[in-house]
Amino acid sequence: QVQLEESGGGLVQPGGSLRLSCVASGSIININVMDWYRQAPGKERELVARITAGGTTNYLDSVKGRFTIFRGNSKNMVYLQMSSLKPEDTAVYYCNVVAGLGITSRYWGQGTQVTVSS
């Protein structure tokens, strides 16, 4: 059984920074992709940032230059460094991992709330 646990969310003022963390535990092998998604009230969930096993990264246009995704020394950990936060970044942020050999599975964390407000 695979579990993803996020942490690091909270309330921050506009222009501030937060770092989200996600650790994958359990019987997880061959992680292909680690993503951060977010979902704001009344909106669809959207992909914010992705990092592949080879280290390639991709970002939502609206967060480019402000957010950075990276993996920890333990390859089962992924981080999202968020800077210059804006009120429109307010959402529940979810960690997502695609892993497996041949047949892959997608795993989700429970989400962590990020609120950007003065």
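Just so it is clear, the structure is predicted and the values come from calculations on it, not from any experiment.

Definitions and limits used
Residues numbered from 1 in each chain as written. Predicted model: local features only at pLDDT ≥ 70, side-chain atom pairs only at ≥ 80, totals over all residues. Heavy atoms only, no water. Pairing = 2+ DSSP bridges. Helix = DSSP H or I, 4+ residues; strand = E, 2+ residues; numbered from the N terminus. Salt bridge = Lys/Arg side-chain N within 4 Å of Asp/Glu carboxyl O. Disulfide = S-S within 2.5 Å. Buried < 20%, exposed > 50% of the residue type's maximum accessible area, 1.4 Å probe, protein only.

Visitor: Quick rundown of the pairing of strand 8 (residues 77-82)? Include the residues and the values.
Guide: Strand residues, when the strand is regular, have side chains that alternate between the two faces of the sheet. Note: strand 3 (residues 18-26) against strand 8, six bridges, orientation antiparallel. Note on strand 8: the bridge partner recorded for Cys 22 is Val 78. Sheet topology places strand 7 (residues 67-71) next to strand 8; five bridges connect them, and they run antiparallel. Across the sheet, Phe 70 pairs through a bridge with Tyr 79, a residue of strand 8. Linking two consecutive strands that pair antiparallel, namely strand 7 and strand 8, is a turn of five residues.

Visitor: Mind laying out the pattern of salt bridges, listing which residues take part and the relevant values?
Guide: Under the counting rule described, the total for this entry stands at six salt bridges. Residue Asp 35 is joined to Arg 106 by a salt bridge in which the shortest nitrogen-to-oxygen separation is 3.9 Å. Taken together, the residues span a long stretch of sequence, with Asp 35 in strand 4 (residues 31-39) and Arg 106 in strand 10 (residues 105-108) at a distance of 71 residues. A salt bridge links Lys 64 to Asp 61; the nearest nitrogen and oxygen atoms lie 3.0 Å apart.

Visitor: I'd like a rundown of the state of the cysteines, residues and numbers included.
Guide: Following the criterion strictly, the structure yields one disulfide and no others. Between the sulfur atoms of Cys 22 and its disulfide partner Cys 95 the distance amounts to 2.1 Å. Between Cys 22 and Cys 95, the S-S torsion sits near -80°, and that sign places the bridge as left-handed. Taken together, the residues Cys 22 in strand 3 and Cys 95 in strand 9 (residues 91-99) connect sequence positions 73 residues apart. Exposure remark for Cys 22: the relative accessible area of 0% places this residue in the buried category. We classify Cys 95 as buried; its relative accessible area is 0%.

That is the geometry; function is a separate question.
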